[in-house]
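Each chain is listed here by its residues.
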Amino acid sequence: MTRNGQTKVEQKPRVVDSDSESEEVESKAVRPLANGVGKAHEYRAGSIMHISLSNFITYDRIDVTPGPHMNMIIGPNGTGKSSIVCAIALGLGENTSVMKRAKDISEFVKHGHEHGAIEITLATGTGSVKIRREIARQGNKSTWKIDGRGATFAEVQRRTRELRIQVNNLCQFLPQDRVVEFSKMTSQALLKQTQAAVGREDLQQLQEELVRRRAQERQAMSESLRLRNDTETLRKQNALLERDVQRWQERQTAESQLRVLTALVPLARYAEIKAAHDAAKQARHEANAAFIAARDSTEANELEEKMSQLESAAAARERARRAAGDERLSSEKAVRQQVTRIERLEAEQNELREELTSVRTQAQRRREQIAALRAEVARLEAACSEDRPPAEEDAAGRQQARVLRERQLELTNELVAIGDEHKAIMSTGRQLSADVERRSVQLRGLDDEAARQREALRRAHEDSARALEWLEANRPLFAQHVFSPVCLEVAVRDARYAALVEAVVGMSTLRTFVTQGDADYHVFTREVNDRQGLRVNVVSAAGLRMPGDLRAARPPGDVQRLGFGGYAVDFLDAPQPVLAVLCARDKIHEIPLALGAVDHGAAERLQLREYIADGTRFTAVRGRYGSRAATVTTARIHMQARLLGGGGESDEIRATRERLGSEIDALRDAQAANEAAMKRLSARERGVRDSHRQAEAQDAALRDARRTRAAAAERWERQRIH
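By convention here, each chain's residues receive numbers from 1 onward along its written sequence. In keeping with the predicted nature of the model, local features appear solely for residues at pLDDT of at least 70, side-chain atom pairs appear and are counted solely at 80 or more, and the whole-chain, interface and lining totals rest on all residues. Heavy atoms from the whole structure form the basis of all side-chain values; hydrogens and water molecules are not counted.

1. A closer look at helix H10 (residues 462-473)
As a reminder, the rule being used: Secondary structure counts use DSSP, requiring at least four H or I residues in a row for a helix and at least two E residues in a row for a strand, with both numbered from the N terminus. To estimate the expected span of a helix, subtract one from its residue number and multiply by 1.5 Å. Categorising residues by exposure relies on relative accessible area from a 1.4 Å probe, with only protein chains included: less than 20% of the type maximum marks a residue as buried, more than 50% marks it as exposed, and the intermediate range marks it as partly exposed.
The end-to-end C-alpha distance of H10 is 17 Å, a good match for the 16 Å that 12 residues give at a rise of 1.5 Å each. Those residues of H10 not exposed but buried are Asp463, Ser464, Ala465, Ala467, Leu468, Trp470 and Leu471.

See the structure below:
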């Protein structure tokens with residue numbers, strides 16, 4: 001233990017005898033420095049005081065004594081640092097899946113041994129407690145002890161909870177295999193995990209109460225803002241209504257005054273008419289008096305004859321006046337008419353006296369005026385004959401109307417032809433759709449195995465199944481073909497190797513979508529991962545080397561002589577981009593597979609880094625320093641394939657599928673061409689209809705012009721007559 005609390009790991013180099021099989025890694029021990037180990041009271045409750053491992057993964061035995069402060073384990077790659085972290089998780093009651101190394105607890109027992117053990121001493125604040133987990137390979141079982149006595153798993157969990165140890169909390173225990181998962185946590189999830197790691201049980205409740213109160217505050221503020229806005233709106237509406245009410249009241253007052261004044265109008269008119277009548281009557285009396293005075297006076301002899309004539313005329317008019325006066329007695333209306341007539345006759349009587357002296361002069365003047373008027377009428381008739389508007393259109397107008405009618409007929413015939421062509425294209429489209437549906441039904445009949453694989457994918461990972469459904473419905477969004485999850489694109493040639501291939505590839509890769517270009521990769525991640533929030537894997541094959549360009553470290557013949565059936569890539573049929581991804585990610589071209597046992601010593605001499613034989617996966621990790629000794633880890637594989645089909649498709653089914661796919665593609669191309677022809681025909685129809693409407697508009701304009709000319713001519717004739 002260094003002065004700052006670091007732990008130093010010493011490792012003896014492994015000795016490898018070239019004439020014998022590889023030895024297991026010798027025991028590793030931790031030798032803490034004296035000044036780095038603290039006393040018991042210096043450790044906080046829940047701190048690890050001591051770790052002891054035996055026959056665990058690559059260790060025969062190891063003892064680690066951390067200090068009471070920060071501790072660090074430093075060493076080259078492959079020296080077992082992560083194994084100690086794994087032991088902490090498993091020794092404190094966590095499930096094997098948290099480390100993502102192996103499914104069964106028995107796989108953590110060192111290869112070649114039947115039992116292993118993890119012992120962890122924890123500080124309690126007043127002392128310590130020792131938790132021991134003993135693992136048995138046979139039966140895949142483990143037993144627990146607390147301070148040397150037998151205990152149940154529930155008791156172990158209770159003790160760790162009392163010490164506030166949360167191995168499954170990434171804010172308290174973060175192994176390197178879960179760093180990616182930690183980086184993807186939202187800020188809300190990080191806050192909850194941090195609160196749980198602090199240890200106060202009421203922190204999360206307080207946080208939830210704070211969130212609830214904040215939501216209530218936002219709701220109250222929103223409601224207050226809404227009420228203020230409603231109040232302001234109502235205030236504005238009320239102001240508008242007040243102005244409208246004021247204008248309405250003013251209108252009512254004006255209408256009332258108008259009714260009073262309207263009632264007074266007849267009275268005012270009666271007063272004006274009565275005053276005029278009285279004045280006319282007074283004038284009549286004065287004229288009559290003057291007439292009598294003039295009649296009684298002695299005038300010149302030359303006027304007597306004329307006066308006698310006027311008296312005769314006056315006597316006649318007097319008789320007419322008396323007759324009119326008698327008629328006035330019949331009705332009020334007749335009286336008014338007769339009074340007017342009498343007044344007119346009296347005025348004419350006075351005028352006759354003046355006309356007697358000027359009758360000859362006026363007659364001559366009238367003859368002169370008639371002659372002048374006849375000359376003016378002749379002149380005006382001549383001028384009007386020059387300005388007469390044409391009653392009919394000219395020859396150019398008639399020619400334009402005839403051309404428009406011919407154009408309308410031509411466009412109508414073209415529309416009929418377009419309709420017939422439209423029906424033919426629709427019939428062809430229906431026939432193509434029926435052919436596509438018929439071949440699609442045949443193709444779906446070949447998809448029974450694919451349907452079973454899809455259902456297995458859905459059970460294994462719902463997000464991947466949903467993403468596949470979206471992909472099949474939106475393939476036109478992509479520039480190139482996007483491959484479905486790898487488990488649906490590959491076929492295992494020999495069903496016996498399906499579980500082995502699945503162990504090499506892994507469940508994560510089997511659920512991965514493959515694009516052929518980076519642009520399609522970005523479209524897929526934006527639509528599926530970002531917008532839909534689905535947690536699926538996608539990888540681009542752009543820039544990857546194809547399987548034909550890759551070579552394994554050892555030729556296939558060398559590994560087959562050791563008992564291997566071949567490399568994993570030799571048992572797969574899949575599109576080249578998919579195989580390129582599998583080679584790049586999972587090295588299927590470098591991992592040999594065997595159904596039975598193989599010569600492990602020869603495999604190590606060939607320096608095979610990884611292989612599967614007899615249901616076990618062997619992984620060799622060589623150190624980067626010193627003797628570069630190899631550390632071999634083993635793990636049992638699941639011998640039942642979960643996602644990969646057995647033998648894939650036969651050549652006949654594959655050929656039928658390809659033929660149906662080609663026919664469907666050809667039919668769809670024909671459908672696309674048919675739809676393009678339909679679009680062109682629709683555009684042509686729109687153009688013809690627009691031209692037809694233009695021709696109709698021009699024809700209507702000509703008809704309006706004819707009606708305008710006819711109306712102008714008719715008005716001219718009426719004006720000429722009057």
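Following the structure, the description resumes.
2. Some thoughts on the side chain of Gln671
Relative to the helices and strands, Gln671 resides in helix H18 (residues 651-721). Here Gln671 falls in the buried class, since its relative accessible area comes to 18%.

3. Section: unusual backbone geometry
One non-glycine residue, Asn140, adopts positive backbone phi at about 55°. Position of Asn140 relative to the elements: it lies in the loop between strand S7 (128-136) and strand S8 (141-146). Owing to a relative accessible area of 32%, Asn140 belongs among the partly exposed residues under this scheme. The backbone of Asp147 shows a phi angle near 55°, a positive value even though the residue is not glycine. Its location among the elements puts Asp147 in the loop between S8 and strand S9 (149-151).

4. Digging into the pattern of salt bridges
Charged atoms that come close allow side chains of opposite charge to pair. Under the convention used in this document: Any Lys or Arg side-chain nitrogen located within 4 Å of an Asp or Glu carboxyl oxygen qualifies as a salt bridge.
In this structure the tally under the stated criterion is 28 salt bridges. Note that Glu209 is salt-bridged to Arg212, the shortest N-O span being 2.3 Å. Of the two residues, Glu209 and Arg212 both sit in helix H5 (residues 203-296), three residues apart, roughly one turn of that helix. For Arg226, the salt bridge identified is with Glu223, shortest N-O distance 2.2 Å. Taken together, the residues span about one helical turn, with Arg226 and Glu223 both in helix H5 at a distance of three residues. Each of Glu119, Arg132, Glu134 and Lys145 takes part in one network of salt bridges that share partners.

5. A look at helix H12 (residues 498-505)
Within H12, eight of the eight residues are buried, which leaves the element mostly enclosed by the surrounding structure. Of all the positions in H12, only Ala498, Ala499, Leu500, Val501, Glu502, Ala503, Val504 and Val505 are classed as buried. One or two positions beyond H12, positive phi appears at Gly506, with a value near 90°.

6. Considering the pairing of strand S11 (residues 512-515)
To keep it simple, the criterion reads: Whether two strands pair comes down to DSSP finding at least two bridges between them. A right-handed crossover is one whose linking path, passing over the helix from the first strand to the second, runs clockwise when the strands point away from the viewer.
Neither face of S11 is open: one carries Thr512 and Val514, the other Phe513 and Thr515, and all of them are buried. When S11 meets strand S12 (residues 537-540), the two strands line up parallel, connected through four bridges. From the neighbouring strand, Thr515 faces S12, where its bridge partner is Ser540. Assessed by its sense of winding, the connection that carries the chain from S11 through helix H14 (residues 518-531) to S12 is right-handed.

7. Comments concerning the sheet that holds strand S6 (residues 115-123)
Let me state the cut-off plainly: All axes here are fitted lines through C-alpha atoms, helices being fitted over the stretch that makes contact, and every angle between N-to-C directions spans 0 to 180 degrees. The contact criterion used throughout is that any non-hydrogen atoms of two residues lie within 4.5 Å.
Strand order in the open sheet formed by six strands is S4-S3-S6-S7-S8-S9, and the pairing between neighbours is antiparallel. Looking at strand neighbours, the two that pair on one side only are strand S4 (59-64) and S9, the edges of this open sheet. Pairs of neighbouring strands in the sheet enclose a mean axial angle of 20°, with direction left out of account. Relative to the sheet, helix H1 (residues 81-91) contacts strand S3 (48-56), S4, S6, S7 and S8, its axis offset from that of S3 by approximately 105°. Contacts from helix H2 (residues 153-162) reach S7, S8 and S9, with the element oriented near 50° to S8.

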